[in-house]
Amino acid sequence: MALRGLAASGPGSRGPLDEALAAAEDHGAPAVVVAAGGTPEDDEEDEGRGRGLLRWDGFSAWLHCVCVVGFDLELGQAVEVIYPQHSKLTDKEKTNICYLSFPDSNSGCLGDTQFCFRFRQSSGRRVSLHCLLDHYDKDLPVYLKKDPAYFYGYVYFRQVRDKSLKRGYFQKSLVLISKLPYIHFFHTVLKQIAPEYFEKSEPYLEAACNDVDRWPAPVPGKTLHLPIMGVVMKVRIPTCHDKPGTTQIAQLTQQADTHISVILPTVHEVDLFRCFCPVFLHSQMLWELVLLGEPLVVMAPSPSESSETVLALVNCISPLKYFSDFRPYFTIHDSEFKEYTTRTQAPPSVILGVTNPFFAKTLQHWPHIIRIGDLKPAGEIPKQVKVKKLKNLKTLDSKPGVYTSYKPYLSRDEEIVKQLQKGVQQKRPSEAQSVILRRYFLELTQSFIIPLERYVASLMPLQKSISPWKSPPQLRQFLPEEFMKTLEKTGPQLTSRIKGDWIGLYRHFLKSPNFDGWFKTRRKEMTQKLEALHLEALCEEDLLLWTQKHTEVETVDLVLKLKNKLLQADREHLPVKPDTVEKLRTHIDAIILALPEDLQGILLKTGMT
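Parameters at a glance
- Residues numbered from 1 in each chain as written.
- Predicted model: local features only at pLDDT ≥ 70, side-chain atom pairs only at ≥ 80, totals over all residues.
- Heavy atoms only, no water.
- Core = buried A, V, L, I, M, F, W, Y, C linked by side-chain atoms within 4.5 Å.
- Buried < 20%, exposed > 50% of the residue type's maximum accessible area, 1.4 Å probe, protein only.
- Helix = DSSP H or I, 4+ residues; strand = E, 2+ residues; numbered from the N terminus.
- Contact = heavy atoms within 4.5 Å.
- Axes fitted to C-alpha atoms, helices over the stretch in contact; angles between N-to-C directions.
- Parallel < 35°, antiparallel > 145°, perpendicular 65-115°, else oblique.
- Left-handed = near helix turned anticlockwise from the far one by under 90°.
- Nonpolar A, V, L, I, M, F, W, Y, C, P; charged D, E, K, R; others polar.
- Salt bridge = Lys/Arg side-chain N within 4 Å of Asp/Glu carboxyl O.
- Phe/Tyr/Trp six-rings, centres within 6.5 Å; stacked < 30°, edge-to-face > 60°.
- Lys NZ or Arg CZ within 6 Å of the ring centre and 35° of its normal.
- Expected span 1.5 Å × (residues − 1).
- Arc of directions from axis to C-beta.
- Pairing = 2+ DSSP bridges.

**Describing the nonpolar core**
Here's step 1: Residues Trp62, Phe185 and Leu452 are the most contacted members of the largest nonpolar core, which totals 106 residues.
Here's step 2: Sorting elements by how many residues they give to this core places helix α14 (residues 430-457) first, with 10 residues.
Here's step 3: Setting aside chain neighbours within four positions, we find Phe185 in contact with Trp62, Trp215, Leu226, Met233, Val235, Leu264 and Val267.
Here's step 4: With 22 residues, the next largest nonpolar core counts Leu538, Leu558, Ala569 and Leu599 among its residues.

What follows is the structure, given as structure tokens:
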């Protein structure tokens, strides 16, 4: 079967693509020629496109599209294939994908390299079909929820010598574009399909995408069996109800699964210790910098190291979500390059992973820079880097180190340092070291956030103040000084052994984007809880009796308001018990049936009942 929905890199593309392009033209779908800085494409949709999308609902739940990026001697980096073809990418997005899918030339990545990037979605883009599956988002932990403004790109790049090519090298990337931040999962998928794709080309890619289209939806909390090209992956996506720091796939593996080829203990976590290994003496200081949303640059030798380290930094404040922007791999061609490197204003709250030596000069005004060497494989421990003054970062060949003048608020926890050093001496596996480090970061973050959670919970009005005949009461205002007073008796000292200026750390945090994002999320959750309690209070009332004491106009007004409440509960996924919704529907039906027939007909047609 010819591959439908392909893009070609230009007139030089021949072979398996010819049939596919001819087939695409027969179907009235234009072949897409895409290159970095190429011409805009015709964006019109043909009649069959809408029907075709329905077939790809399963695929769209996991991926936006799959791209193949190659190197063209005339065009430079170019998108050769976009699959399925109905996938929409703007010219700006295609350009970003082109440049972010290849390592910088100075990285010298020979062989196969995997890494990840993140880029901003173009404004004004039409809402795509996978938003129909967004209701799964509500059950995800906050740090795994989709960010509507960003795409992730998961890359498998191959560069090998090939004398038959003018350039002397075969250079190509297979890239998965997705809204889902499931780093470990998508890297595993690429390991399964990319090596064979490079050998077998487009028909193999079509078959892999058809497999993805048959996958069950990415439902949090369910054990999913995902077949891909003869291999079955077993995964479980975490839920917001899981105990932080635990993984539930381990218990599931005790059953004999003869057809399972790959069991993933996590969908999103990176090898934390491998990334923090060169800097683990300073891991607590880096935790503070990430928590406070400070501008941070990771300078690394390759995109693999830069992306893994940036993702490890973002991960270290889990279960808190990092609310600022972060770019696991950032290049000088990125559409936000000028915005993020300008000296006319203070550096933004963002974590950048870079490999181009040019950034050593461009970003030397940034307050915190981590320079790392090659990450060693498990078992090999690099020399610990030192904290150095920023003025020392002048030359391109500066030594690895953490370049900052930041003074941590908290004293260093020597216990965790000893524990990790002991693990190094005993040649403890990197996975075990990662578990220790992850638990340490989790306990540190929880000790920090519990006092905030406790105070915010006190802003909730008492349940007895909720009246069915009044609007739900408002949350009390968050008063920083009032919160600070609570720390004396119920501060982090109750759960953490670490000493230091906790109050100073909280004051700084309250001005950060991470606090702003966290508090907005909590306020929304609590407001929804109040709305749900208000609904429950309404259900407990004898509404039919109320209508007998009020006019028809007031009764109609009540029915309309109750219907709006039901719509709101559905639209906003309010935490309402199913029997509450059913009770309210019964109330509405009973009230409508007690009204004159002409009004019954109108109200039954209005909204939902």
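Here the narrative resumes.
**Description of the packing of helix α19 (residues 552-571) against helix α20 (residues 578-593)**
Here's step 1: Relative orientation of the contacting elements α19 and α20 amounts to 155°, with a least axis distance of 10 Å. The angle between α19 and α20 falls in the class roughly antiparallel. Considering only the axes of α19 and α20, their crossing is left-handed. From α19, Thr555, Leu558, Val559, Leu562, Lys563 and Leu566 reach across to α20, where they touch Val581, Leu584, Arg585, Ile588, Ile591 and Ile592.
Here's step 2: Here the residues of the contact of α19 with α20 sort into nine nonpolar, one polar and two charged.

**Focus on the pattern of salt bridges**
Here's step 1: Taken as a whole and judged by the stated rule, the model has 30 salt bridges.
Here's step 2: Overlapping salt bridges bring together Arg118, Arg120, Asp147, Asp325, Arg327, Asp334, Glu336 and Glu339 as one network.

**Considering the packing of α14 against helix α17 (residues 513-539)**
Here's step 1: Remark: α14 packs on α17, axes separated minimally by 11 Å, with the N-to-C direction vectors making an angle of 40°. By the criterion of interaxial angle, the relationship of α14 to α17 is oblique. When the axes of α14 and α17 are compared, the crossing they make is right-handed. Every residue of α17 that contacts α14 at Ile449, Leu452, Glu453, Val456 and Ala457 is listed here: Phe515, Trp518, Phe519, Arg522 and Met526.
Here's step 2: Split by residue class, the contact of α14 with α17 holds eight nonpolar, no polar and two charged.

**Let's talk about the packing of aromatic side chains**
Each aromatic ring pair is specified by the distance between its two centres and by the angle formed by the two planes.
Here's step 1: Taken as a whole and judged by the stated rule, the model has 38 aromatic pairs.
Here's step 2: Note on Tyr156 and Phe198: the rings are 6.2 Å apart at their centroids and 45° apart in plane angle, and the pair reads as tilted. Of the two residues, Tyr156 sits in strand β6 (residues 150-161) while Phe198 sits in helix α5 (residues 183-200), which places them 42 residues apart along the sequence.
Here's step 3: What makes Tyr156 buried here is its relative accessible area of 8%.
Here's step 4: When its relative accessible area of 13% is taken as the criterion, Phe198 is described as buried.
Here's step 5: Members of the aromatic cluster, joined through ring pairs, are Trp287, Phe448, Tyr455, Phe478, Phe483, Tyr506, Phe509, Phe515, Trp518 and Phe519.
Here's step 6: Above the face of the Phe326 ring, Arg118 is positioned so that its terminal group lies 4.0 Å from the ring centre.

**Focus on α20**
Here's step 1: Given a rise of 1.5 Å per residue, 16 residues ought to cover 22 Å, and the 23 Å separating the end C-alpha atoms of α20 matches this to within 8%.
Here's step 2: Looking only at α20, the buried set comprises Thr580, Val581, Leu584, His587, Ile588, Ile591 and Ile592. Angularly, the buried residues of α20 cover 130° about the axis, an arc narrow enough to put them on a single face. Those residues of α20 that are exposed and aimed more than 90 degrees away from the buried face are Pro578, Thr586 and Leu593.

**A word on the pairing of strand β4 (residues 76-83)**
Here's step 1: For β4, the tally of buried residues reaches eight of eight residues, placing the bulk of the element in the interior.
Here's step 2: Sheet topology places strand β3 (residues 65-72) next to β4; seven bridges connect them, and they run antiparallel. Residue pairing for β4: Phe71 is matched across the bridge by Gln77.
Here's step 3: Between β3 and β4, which follow one another and run antiparallel, lie three residues.

**Observations regarding the environment of Ser283**
Here's step 1: Mapping Ser283 onto the fold places it in helix α9 (residues 283-291).
Here's step 2: Sequence separation between Ser283 and Leu313 is 30 residues, and the spatial gap between their C-alpha atoms is 9.3 Å.
Here's step 3: Residues contacting Ser283, with those up to four places away along its chain left out, are Phe276, Leu437, Tyr440 and Phe441.

**Looking at the sheet that holds strand β10 (residues 262-263)**
Remark on secondary structure: sheet strands pair via backbone hydrogen bonds, oriented parallel or antiparallel.
Here's step 1: Sheet architecture is open: three strands sit in the order β8-β9-β10, paired in mixed fashion. Looking along the sheet, the strands with just one partner apiece sit at the ends: β8 (223-228) and β10.
Here's step 2: Note: strand β9 (residues 231-236) against β10, two bridges, orientation parallel. Its bridge partner being in β10, Met233 is matched across the sheet by Val262.
Here's step 3: Contacting β8, β9 and β10, α5 crosses the sheet at an angle of about 180° to β9.

**Some details on the side chain of Ser512**
Here's step 1: Inspection of the secondary structure assignment puts Ser512 in the loop between α16 (502-509) and α17.
Here's step 2: In contact with Ser512, other than residues within four places in its own chain, are Leu291 and Leu292.

**Observations concerning helix α10 (residues 303-315)**
Here's step 1: With 13 residues, α10 extends 18 Å between its outermost C-alpha atoms, agreeing within 8% with the 18 Å of an ideal straight helix rising 1.5 Å per residue.
Here's step 2: Here α10 lies mainly inside the structure; 12 of its 13 residues are buried.
Here's step 3: Among the residues making up α10, those that are buried are Pro303, Ser304, Glu305, Ser306, Ser307, Thr309, Val310, Leu311, Ala312, Leu313, Val314 and Asn315.

**Observations concerning the pairing of β8**
Here's step 1: The alternating pattern of β8 places Leu224, Leu226 and Ile228 on a buried face and Thr223, His225 and Pro227 on a face that is not buried.
Here's step 2: As defined by bridge partners, β8 adjoins β9 across six bridges and the pair is classed as antiparallel. Among the inter-strand pairings, Ile228 is bridged to a residue of β9, identified as Val231.
Here's step 3: The turn linking β8 back onto β9 is made up of two residues, and Met229 within it adopts a positive phi angle of 50°.

**Overview of the sheet that holds strand β5 (residues 111-120)**
Here's step 1: Strands sit in the order β4-β3-β7-β6-β5 across an open sheet of five strands; the sheet is antiparallel. Strands with a single pairing partner mark the edges of an open sheet, and in this sheet they are β4 and β5. Taking the axes of each pair of neighbouring strands and ignoring which way they run, one obtains an average angle of 25° across the sheet.
Here's step 2: Taken together, the 10 bridges between β5 and β6 define a ladder with antiparallel strand orientation. Bridging from a neighbouring strand, Gly111 pairs with Gln159 of β6.
Here's step 3: Lying on the sheet, helix α6 (residues 202-213) is in contact with β3, β4 and β7 (169-178); it crosses β4 at an angle near 50°.

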